Amino acid sequence: MKMKKFMNAPETVTDEELVGLGLAYPDILNVDGHLVISKDLANADRVTIVTYGGSGHEPAQAGFVGKGMLDIQAVGDIFAAPNGQLVFDAMKMADKGHGVLLLTLNYAGDQLAGKQAMKLARKAGLNVRQVVTGEEIRYDPNGEDNKRGLAGAVALYHIAAAAAREGKTLEEVAEIAQHYADNMASITVKSTDATHPQNGMSFGDLGETDLMEIGAGQHGEGGVRVPMMSSKDTVATVAEALCKALDLKPGDKTFVMINGCGATTMMEMLVLFKDTVEFLKAKGIEVVASMVGEILTVQEAAGFQMNIAKWDEEMLRLWNTPCHTPAFSKE
């Protein structure tokens, strides 16, 4: 069947999307080609935060550029990292004399671009640090331990930015970001497939079955296929694996994210979140903060990512600070 998406031309969809983003949120950000820049950056006197990644995962990551979160995102084409030069350009633009933290998702293309950008930044004499997030856990004991970077990075954006706004040094902000990255875990559960908007290719045949896939990758990488389960049974399976990965114990405080993959209804996400809170409460584990909604999607794929992070009082304090972006705001 012919792909049904409201576009003009596949080869210009990312460029047109970014123009639209700038027009939609002129009070929050500027768009300069493939750089999405927070207007808050103009008067920043602090450590600044830069990230990068391919389009096709909206609202991530450009939707989280703004006051109290990202200062700049360098945007690549659909599901493709931008080149290292563009990432370096973003870091150079972001530098306000206090250093730049580069946040990278653990994918081969992103890692390569980050390595190139960091090399250019050091050659230029910039004070830079890099933190890589790869919180995906291996669900299949016989599968590859890919440690892909998933939606959990979005909460980290706010935590790191809040630390920077407190006047912490680059080393301190990077340490907090690394601590966060080391204390979160995610799993993806997929029930139908996405379509690549530039070529119409489906990412699989899962939608033609009565199965779901646990531990699936964002770009069609396979997980473990099992029969569709209820929300409670799915949560019990996934949350148990995440609790073990984080070694959660009674009395621990956690952040929980239910991220819709693009075609999952808010109704389903809220039921999943309710069941996750109840599952953790039964273990004596407290949920002190959360995000529920479409945060990092894969076009119209159905399913969700569950992210759990082990928090302390500092994380909660940093989280409870204001931010204002197109996709997420806190008073």
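J.: I tried to follow the overall build of the chain on my own but got confused; where do I start?
T.: Looking only at helices and strands, one finds eight helices and 14 strands in the chain. Relative to a compact globule of 331 residues, whose C-alpha radius of gyration would be 20 Å, the chain shows 19 Å and is just as compact. Taken along its principal axes, the extent of the C-alpha atoms in the chain is 55 × 50 × 35 Å. Here the chain holds 331 residues, and the buried ones make up 52% of them. Contacts in the chain between residues at least 24 apart in sequence constitute 72% of all its contacts with a sequence separation of at least 6. Only carbon and sulfur atoms are counted for the fraction: they give 52% of the accessible area of the chain, which is about 14,300 Å². Taking the 30 positively charged and 44 negatively charged side chains of the chain as two groups, their mean positions are separated by 4 Å.

J.: Whenever I open this one, the packing of aromatic side chains confuses me. Can you help?
T.: Aromatic rings in a pair are described by how distant their centres are and how their planes are angled relative to each other. Under the counting rule described, the total for this entry stands at six aromatic pairs. Measuring from centroid to centroid gives 6.3 Å for Tyr180 and Trp311, while their planes differ by 65°, and the two rings are edge-to-face. In this pair, Tyr180 sits in helix H5 (residues 170–182) while Trp311 sits in strand S12 (residues 302–311), placing the two residues 131 residues apart along the sequence. As far as burial versus exposure is concerned, Tyr180 and Trp311 are alike and both buried. Among the aromatic residues, ring-to-ring pairing joins Tyr180, Phe255, Trp311, Trp319 and Phe328 into one connected group.

J.: What's the story with the pairing of strand S3 (residues 48–55) in this structure? I'm lost.
T.: A regular strand places its side chains on the two faces of the sheet in alternate fashion. Of all the eight residues making up S3, eight are buried; the element is thus mostly covered by neighbouring parts of the structure. By the bridge criterion, four bridges tie S3 to strand S5 (residues 100–105) in an arrangement that is parallel. Considered in S5, the bridge of Val50 is made with Leu102. Of the pairings in the sheet, the one linking S3 to strand S4 (residues 72–78) comprises six bridges and is parallel in character. For Val50, the partnering residue across the bridge sits in S4 and is Ile72.

J.: Any chance you could explain the packing of helix H4 (residues 152–165) against H5 here in plain terms?
T.: The relative placement of two packed helices is expressed as an angle between their axes plus a distance between the axes. Following both chains from N to C, one finds H4 and H5 inclined at 155°, their axes separated by 9 Å at the closest point. Overall, the two elements H4 and H5 adopt an arrangement that is roughly antiparallel. Remark: the crossing between H4 and H5 carries right-handed chirality. Mapping the contact onto sequence places Gly152, Ala155, Leu156, Ile159, Ala160, Ala163 and Ala164 in H4 and Val173, Ile176, Ala177, Tyr180 and Ala181 in H5.

J.: Could you clarify how one ought to interpret the environment of Asp145 in this entry?
T.: Residue placement: Asp145 occurs in the loop between strand S6 (128–133) and H4. Taking relative accessible area as the criterion, Asp145 reaches 38% and is therefore assigned partly exposed. Distance in space between the C-alpha atoms of Asp145 and Ser55 is 25 Å, their sequence separation being 90 residues.

J.: What am I meant to see in the pattern of salt bridges here?
T.: Pairing between side chains of opposite charge can happen when the charged atoms of each approach one another. Following the criterion strictly, the structure yields 19 salt bridges and no others. In this structure, Lys283 engages Glu240 in a salt bridge whose closest nitrogen and oxygen atoms are separated by 3.0 Å. In this pair, Lys283 is assigned in the loop between helix H7 (266–282) and strand S11 (286–293) and Glu240 in helix H6 (residues 231–246), connecting sequence segments 43 residues apart. The partly exposed category is assigned to Lys283, whose relative accessible area is 31%. On the basis of relative accessible area, Glu240 is assigned to the partly exposed category, the value being 24%.

J.: Quick question: what am I supposed to make of the sheet that holds S6 here?
T.: Strand-to-strand pairing in sheets goes through backbone hydrogen bonds, with the strands running parallel or antiparallel. If you trace the six strands from one edge of the open sheet to the other, you get S1-S2-S4-S3-S5-S6, paired in mixed fashion. Edge positions in the sheet fall to strand S1 (29–32) and S6, since each of these pairs with one other strand and no more. Ignoring strand direction, the axes of neighbouring strands in this sheet form an average angle of 20°. Most of the contacts of helix H3 (residues 108–123) go to S6, to which it runs at about 170°, and overall it touches S3, S5 and S6. Each of S3, S5 and S6 touches H4; the most contacted strand, S5, lies at about 170° to it.

J.: Just checking my understanding: could you explain the state of the cysteines for this structure?
T.: Note on terminology: disulfide describes a covalent bond linking the sulfur atoms of two cysteines. Taken as a whole and judged by the stated rule, the model has zero disulfides. For Cys261, which is in no disulfide, the shortest distance to another cysteine sulfur is to Cys243 and amounts to 20 Å. Among the residues examined, Cys261 registers a relative accessible area of 5% and is labelled buried.

Procedures and definitions
Residues numbered from 1 in each chain as written. Predicted model: local features only at pLDDT ≥ 70, side-chain atom pairs only at ≥ 80, totals over all residues. Heavy atoms only, no water. Helix = DSSP H or I, 4+ residues; strand = E, 2+ residues; numbered from the N terminus. Rg over C-alpha atoms; globule rule 2.2 N^0.38 Å. Buried < 20%, exposed > 50% of the residue type's maximum accessible area, 1.4 Å probe, protein only. Contact = heavy atoms within 4.5 Å. Areas by Shrake-Rupley, 256 points an atom, 1.4 Å probe, with all protein chains shown as cover. Lys, Arg positive; Asp, Glu negative; His and termini not counted. Charge placed at Lys NZ, Arg CZ, Asp CG, Glu CD. Phe/Tyr/Trp six-rings, centres within 6.5 Å; stacked < 30°, edge-to-face > 60°. Pairing = 2+ DSSP bridges. Axes fitted to C-alpha atoms, helices over the stretch in contact; angles between N-to-C directions. Parallel < 35°, antiparallel > 145°, perpendicular 65-115°, else oblique. Left-handed = near helix turned anticlockwise from the far one by under 90°. Salt bridge = Lys/Arg side-chain N within 4 Å of Asp/Glu carboxyl O. Disulfide = S-S within 2.5 Å.

These figures come from the coordinates and say nothing about function on their own.
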